[in-house]
Every structure is written in C-alpha cells, then in structure tokens.
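# Chain and residue survey
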Amino acid sequence: MEKYFIIDFDSTFTKVEALDILGEISLESHPEKKERLQKIKDITDKGMDGGLNFRESLDQRIGLLNARREHLGSLIDSLKEKVSNSFKRNKDFFETYKDHIYIISNGFKDFIVPIVTEYGVKEDHVHANSFHFDDEGRITGFDPDNVLSSNNGKVKVLKNLGLLGDVYVIGDGYTDYEIKEAGLANKFYAFTENVERENILENADHVAPSLDEFLFVNKMNTAISYPKNRIKVLLLENIHPRAVEIMKHEGYKVEIYPGGLDEAELCEKIKGVSILGIRSKTQVTAKVIENADRLMAVGAFCIGTNQIDLDACLRRGVAVFNAPFSNTRSVVELAIAEIIFLMRNLRDKIIGMHEGKWMKSASSSFEVRGKKIGIVGYGNIGSQLSVVAETFGLDVYYYDAEDKLGLGNASRCESLEELLKTVDIVSLHVDGRPENKNMISEREFGWMRDGVIFLNLARGHVVDIKALKNAIESGKVKGAAVDVFPVEPKTNEEEFVSELRGLKNTILTPHIGGSTLEAQENIADFVPGKIMQYVNSGSTSNSVNFPNLQLPDFPDAHRLIHIHENMPGILAKINKVLAEHDINIVGQYLKTNELIGYVITDIDKEYDKKLTNALKGIDHTIKFRVLY
Ligand code: NAI
C-alpha cells in the first residue's frame, strides 16, 4: 500500500506563522505596529483553535498587514532561517519521498513554494492560497475561488487529490485534524515542536514532538538514531532552571522534582529514565541502578560524587558526569577575601564594632603584598588561587602529591613539611580522599611558622579540629578561616556544633566556598553539555567513572558504541564480527579502566539488524548503541 504524507506549513514546516513575520516586516515603521501585530496573532490563534470562520480571519489579517509585493523577498529569507529543526535534519526524508509528500496549507504559495521546493518538495504538490495584488503591488486580498480560502478547505483539497493509499497528516492546527475527522486520513500526528494546542492534542492519534518521532514510529528514520523526545530526563533536587531549559531545548522529555527522593522512591521513578540529574542529597545506590532499565547517564549537578555508587554505574554502563570546576573561581575569591580579612584582624574588629567597641589600631594588621602563601593541593582550585594570589602581590608556594606545573612565578615545594615551614599563609585545597584524613594535625601545625594564617576550604576531615583549636589558642595560628567541617548540619534548621565556635580571629562559614549564583549557573550549563555530548557522540570527556574519550565528529559514518566488561580479547571479537559482516572500519577508539572497556567504531556502510544483534551478543557486553 502506498503511503502519502500531508504536511502543514505554518508552525509545522516552519517554526512560525508566516503572516506574523510578514507583519513584522510590512509594519516595520507603522505607528500602530505593536497593536496590529498582536491583533494578527490573536486572529491566527482563534482560527487555529477552530474558533473563527477562516475566510473572515484571512480577510481581517490581510487588512491589518499593509503588505506589499516587495516585502515577500524579506519574508522568504526570514522563513528559510526558521524551518523547524527536525525538518532541517531530516532533509533526506523529503528527497526520498517527494512523490508522496504534499504541503497543504491555508497560507500562501507565494512564500511556501520557495521554501519547500528547496527541500525537494514538488511545486505542484503545494496546495495553498495565493495573494491578490493591486497595480501598485499592494496585497489587497486572496483568490476567493481557491478552496483553501474557505472553511474545510484542506478536506476539499484531499478529496480532489483522491490519493489511493494510506494518508498520514502532520500538523499543529485544527484544520489538519479535520482531514482525519472527514475520514480522509489514516492517522493525524499532532506536531508539537513549535506550538502545542490542547484541543489538537486531544484529537491526535499520536503526538509528534518532532519529525524524528514521526519517522521513528513509522520506521523511516535516517537522520538520527532515536528521537530525543523519547529520551526521558528526571531532574531532582531543584536543579537550576537553566539546566532544565537546555535539556528541553535539546528535545528531551524532562520531568522535574523539587526535592530529593529516597531509595525506594527512586527505584520506582528511575524506570524508563535515560538521564538522571541530582545534586548532593540523592543517593544513587547499587539498588537504584539495578532498577534502572534505560539509564545511560547520571549528572551530578555539583562537584562531589560520593552520593553515587560509581562502580555500580560503571558495571551497568552508566556514565556519570559532574561539574568539577564550575565553582572553582567562587572558592578562590572567598579564600582571597578571607586572607585579607585575617591579615587585618577584621573578624574581631567587626564583632567589636557591633558590640560598641572602637578598636582603632594598626597592631597585627598587615598587607598581603609580599607575604608568602602556601597552597596545599595544586588542582583546579589550588592553581587558580595561585594565579589570583599572585596578582595581589603574594609570593606563591605550592605542594601537590603529583608533579604539577607551577603557574606564573609559583615555586614548587618538595614536601608538605618544606612548604609549611616556609610560608605565612597556609591554604588547603586537596581532595577528600580517605588518606587525607587529618593530614593537618599536631605535627603539621608544629611545622608552621608562629602567627601563621590558616585556611581550610577543602574538606572537613582533612584537618584534626582539636589540633587546630590548640594551635589557635596557643597563638601558633594567628587567624583561621574554616568553611568545611568533619560533621556538618544536614539542614539549615540543625545547629552547627564545633569546638571552633567562639575562637579569636576565626572565620567560620557554612560550606559556602563554591556557593554563588554564578557557580550554580556554570554547573547548570556544564553538566547538560557533557551529557548531551555523550548521548550524541559517545564522547566521555570529564566523565567521573567512564574511561575518558574525546571523539571526533563522524560525518557520513555510523558510530557503533560498545561497552563491555574489561576482559581480554573483546576488541578482537568485535572486529571479527565486523569482518564477518564485511564492514569497513573508518575509525576505532578504545579505552579501558579496571572495570569496563569502551570501544567506538565508525563504519562507512549500511548495516542491518544482524550486525547489531551479533555485536550485542558478544559475551560480557554491557551496553550497545548505534549513532548516525
Ligand atoms: P582537584 O582534584 O582538582 O585538586 C586536588 C589536588 O590535591 C590534586 O592536584 C591532588 O593531586 C592534590 N592532593 C590530593 N591529596 C594530596 C595530598 N595529600 N598532598 C598533596 N596534594 C594532594 O580538586 P579541586 O576542584 O581543586 O578541589 C579541591 C578541594 O576543594 C576538594 O576537597 C573539594 O571538595 C573542595 N571544594 C570545596 C568547596 C567549598 O564550597 N568549600 C567547593 C568546591 C570544592
């Protein structure tokens, strides 16, 4: 049975209503521009929802437009830019099925034909109205004999066409549904990529958030492997709206949840979810992962990933991404501020002022310029602090467990002891690995210079709190700033309990080093970016648990993504299967870690289901997917 595709133009083929855009152009310098454009929009919507006689609506809009022939060129240029994204990426569909595609629209051929013929649609398959012009080129009306200028026009066109076969209608308006209602189409697909109209959704056989979805359900997709609207994203813990917006814009089906979920709730909710986004509260346990049937990636919209069972994710082929340096700068700025505060003894002076004490004195107040700062842990934050501290005139020394290149004029110390004995200010920026527990204790304070300034904005358990307290009380440490604690309150309602409370020249802050609105926004940009890159290309750069692979683009190739348990010989097996199917490899990338192997193979040939089944069937395969 032949298949015919009836496609609407305004808000379906293009993202916009062409007459609205024509109004923008023709009313450019008209004094009533705003009011008239709004009126045109209102009339369009009323017509779309089936609430206004079509001919009346057209008459009224043309009257308001004040348009002329010469405006049409700009309109066409503008519409070319505004073709719906999923139409653009599925250009092949129009070429391949050009004999079976009809554009039926209540718009005007004058602008529809130039747009759709570029996609391969035949000119005589475009059914739409045509403008009437007066002698001076003004658009004065439309051809009243054209059936599309009257109510039920689309139905009449379909009747005249007399197509023999299955008819599928894709559109966003009531007039598209009317074709199905009249019994002239097998199915009506409500197209919602650009607009959603309630009364159309109710009547649709299927909702198509993109052309990809339509092609997928009809097994005709060639441009993308899987419609993005079928990728379900679950975002918990009030993730920044920017992240929600980015994921929605990508076409994903996004569900948001203000709070966290406990294990049992998440085990239920995770079913069918492809991408999970969390912050620090939600525990992604092995049990949650066991219940995840479609999960591809977890995004931690924060820095730490202790709340996620990374190995369980790895064993199930689930890539985890976080935002390791989105708040780096925020931590650095707080550290700099605190160093200056402590060098000037400001904490005590400020509290004194609030108690009515005027303590004007220069004693034990110093500039930071020329002082030596010792940075312990020269990672993202440590190295950034190095640069900023140097611009403030500090002499920078650093110590890192690994060989790290010193930035600017920073001097590397061979040992922690050497560093602590050298500097006036100590700032900790090591990570929270278990071995770092109490790495700064009595002995290390003993190494420090008398009257040192000490900062911990890294992790609470890194410092022995009792030893710090003694060092402050003895005057060894002249001033301290602590942002992180071995035990921190879980909520803002809980009391903060610490031996450090009330100590002299000691700044205590509630783990806010990285908490700025800029950092939140950076995280909301960064994590979706990494996840989308993984979904679209297989690149795992910055993944916390996956072997990191930054992959090139793959124009004109299919990309096979194979994730397997790390056992010897799997790559050989993959290549044997490819050879048996006579597949030519154009690129291959492999990276492993202790648990998994990640193999990407780009191939230049059509493949069939047998190949994908054979690859899925290789022993120890965890996950397999194809991109094209
Ligand atoms: P990173 O992983 O980039 O850098 C850590 C560096 O410490 C690495 O270069 C590592 O080699 C080094 N290191 C680890 N153990 C060491 C040791 N015992 N001795 C010497 N060097 C050692 O981490 P990043 O992003 O710079 O973060 C640093 C710390 O800041 C982390 O503990 C992180 O949790 C904390 N942080 C705190 C925030 C806050 O709100 N206060 C916000 C963001 C991060």
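Residues numbered from 1 in each chain as written. Predicted model: local features only at pLDDT ≥ 70, side-chain atom pairs only at ≥ 80, totals over all residues. Heavy atoms only, no water.

Moving on, we come to the overall build of the protein. The helix and strand tally for the protein stands at 25 helices and 24 strands. Over its C-alpha trace the protein gives a radius of gyration of 32 Å, far above what one expects of a compact globule, namely 25 Å for 628 residues. Based on the C-alpha atoms only, the size of the protein along its principal axes is roughly 100 × 70 × 45 Å. Here the protein holds 628 residues, and 51% of them are scored as buried. Approximately 29,400 Å² of the protein is accessible, and the part contributed by carbon and sulfur atoms is 48%. Computed over 77 positive and 94 negative side-chain charges, the inter-centroid distance for the protein is 3 Å. (Helix = DSSP H or I, 4+ residues; strand = E, 2+ residues; numbered from the N terminus. Rg over C-alpha atoms; globule rule 2.2 N^0.38 Å. Buried < 20%, exposed > 50% of the residue type's maximum accessible area, 1.4 Å probe, protein only. Areas by Shrake-Rupley, 256 points an atom, 1.4 Å probe, with all protein chains shown as cover. Lys, Arg positive; Asp, Glu negative; His and termini not counted. Charge placed at Lys NZ, Arg CZ, Asp CG, Glu CD.)

Right, let's talk about a nonpolar patch on the surface for a bit. Together, Val387, Leu405 and Leu407 give the surface a local cluster of nonpolar side chains, amounting to about 280 Å² of exposed area. Relative to the helices and strands, Val387 is located in helix α19 (residues 380–391). (Patch = residues over 30% accessible without salt bridge, like charges linked within 9 Å, V, L, I, M, F, W, Y side chains within 5 Å. Salt bridge = Lys/Arg side-chain N within 4 Å of Asp/Glu carboxyl O.)

The ligand sits among 27 residues. The nearest are Ile381, Asp400, Lys404, Val430 and Asp483. Within the side chain of Asp483, a nitrogen or oxygen atom sits 2.8 Å from a nitrogen atom of the ligand. Interatomic distance of 3.0 Å between a backbone N/O atom of Gly514 and an oxygen atom of the ligand. In the complex, the protein chains occlude 87% of the 860 Å² of accessible area that the ligand would expose alone. Split into classes, the residues belonging to the shell around the ligand amount to 11 nonpolar, 10 polar and 6 charged. (Near = heavy atom within 4 Å. Polar contact = N/O pair within 3.5 Å; in protein donor to acceptor, adjacent residues only side chain to side chain. Nonpolar A, V, L, I, M, F, W, Y, C, P; charged D, E, K, R; others polar.)

Right, let's talk about the pattern of salt bridges for a bit. Side chains bearing opposite charge may pair, as long as their charged atoms lie close to each other. Inspection of the entire model under this criterion finds 35 salt bridges. The closest approach of N and O atoms between Lys154 and Asp176, which form a salt bridge, is 2.5 Å. One end of the pair, Lys154, is in helix α9 (residues 153–161); the other, Asp176, is in helix α10 (residues 174–181), with 22 residues separating them in the sequence. Taken individually, Lys154 and Asp176 each receive the classification buried, so the pair is uniform in this respect. Note that Asp205 and Lys180 form a salt bridge whose closest N and O atoms lie 3.0 Å from each other.

The next point concerns the sheet that holds strand β17 (residues 425–428). Overall, parallel pairing links the 7 strands, which are arranged β16-β15-β14-β17-β18-β19-β20 in an open sheet. The outermost strands of the open sheet, each flanked by one partner alone, are β16 (411–412) and β20 (506–508). Bridge count for β17 against strand β18 (residues 452–456) is 4 bridges, and the pairing is parallel. Bridging across to β18, Leu428 finds its partner in Asn456. (Pairing = 2+ DSSP bridges.)

One non-glycine residue, Asn66, adopts positive backbone phi at about 60°. Here Asn66 shows up in the loop between α4 (54–65) and α5 (71–81). In the Ramachandran plot, Asn238 falls in the positive-phi region, its phi being about 55° despite a non-glycine side chain. Considering the arrangement of structural elements, one finds Asn238 in the loop between β9 (232–235) and α13 (241–249).

Turning to helix α22 (residues 465–474), a few remarks are in order. Along α22, the residues that are buried comprise Ile465, Ala467, Leu468, Ala471 and Ile472. The buried residues of α22 occupy an angular sector of 160° when projected down its axis, which confines them to one face. Of the exposed residues in α22, the ones pointing more than 90 degrees away from its buried face are Glu473 and Ser474. Capping the start of α22 is the job of one residue whose side-chain oxygen sits 3.1 Å from the backbone nitrogen of Lys466: Asp464. Once α22 ends, the next one or two residues include Gly475, with phi positive near 90°. (Arc of directions from axis to C-beta.)

A few words now on the pairing of β9. Bridge count between β9 and strand β10 (residues 253–256): 4 bridges; the pairing is parallel. Bridge assignment links Lys232 to a residue of β10, and that residue is Lys253. In the classification by handedness, the crossover that spans β9, the intervening α13 and the parallel β10 is right-handed. Taken together, the 3 bridges between β9 and strand β11 (residues 275–278) define a ladder with parallel strand orientation. Paired with Leu235 across the bridge in β11 is Gly277. (Right-handed = clockwise from strand over helix to strand, strands pointing away.)

Here is a general trend for soluble globular proteins: nonpolar side chains tend to be buried in one another's company. Ranked by internal contacts, the top residues of the largest apolar core, which has 52 residues, are Phe13, Phe93, Phe94 and Phe111. Excluding anything up to four places from it in sequence, Phe111 contacts Phe9, Ala18, Leu19, Leu75, Ile76, Leu79 and Phe131. (Core = buried A, V, L, I, M, F, W, Y, C linked by side-chain atoms within 4.5 Å. Contact = heavy atoms within 4.5 Å.)

Looking now at the sheet that holds strand β23 (residues 596–603). Backbone-to-backbone hydrogen bonds pair the strands of a sheet. The strands run either parallel or antiparallel. Taken together, the 4 strands give an open sheet; going across it, the order is β22-β23-β21-β24, and neighbouring strands pair in antiparallel fashion. Only two strands of the sheet have a single partner each, and these edge strands are β22 (585–592) and β24 (621–627). Direction aside, neighbouring strands of the sheet carry axes that sit 10° apart on average. For β22 and β23, the ladder comprises 7 bridges, and the chain directions are antiparallel. Bridging across to β23, Lys591 finds its partner in Tyr598. The strands touched by helix α25 (residues 609–616) are β21 (558–565), β23 and β24; relative to β24, the strand with the most contacts, the crossing angle is about 155°. (Axes fitted to C-alpha atoms, helices over the stretch in contact; angles between N-to-C directions.)

Let us look at the domain arrangement of the protein. Put simply, an interface is often sized by how much accessible area is lost when its parts join up. As far as domains go, the protein holds domain 1 (3–217), domain 2 (231–325 + 516–550), domain 3 (328–515) and domain 4 (552–628). Look at where the C-alpha atoms of domain 2 and domain 4 centre, and you get two points 25 Å apart. With 20 residues of domain 2 at the interface, the matching set in domain 4 holds 17 residues. Across the domain 2-domain 4 interface, the total number found is 0 salt bridges. Applying the counting criterion to the domain 2 and domain 4 interface returns 8 residue pairs in polar contact (both at pLDDT 80 or more). Elements with a minimum of two residues in the side of domain 2 that touches domain 4: α16 (310–315) and α23 (517–537). The biggest single contributor to the side of domain 2 that touches domain 4 is α23, with 4 residues. (Domains from an automatic or database assignment.)

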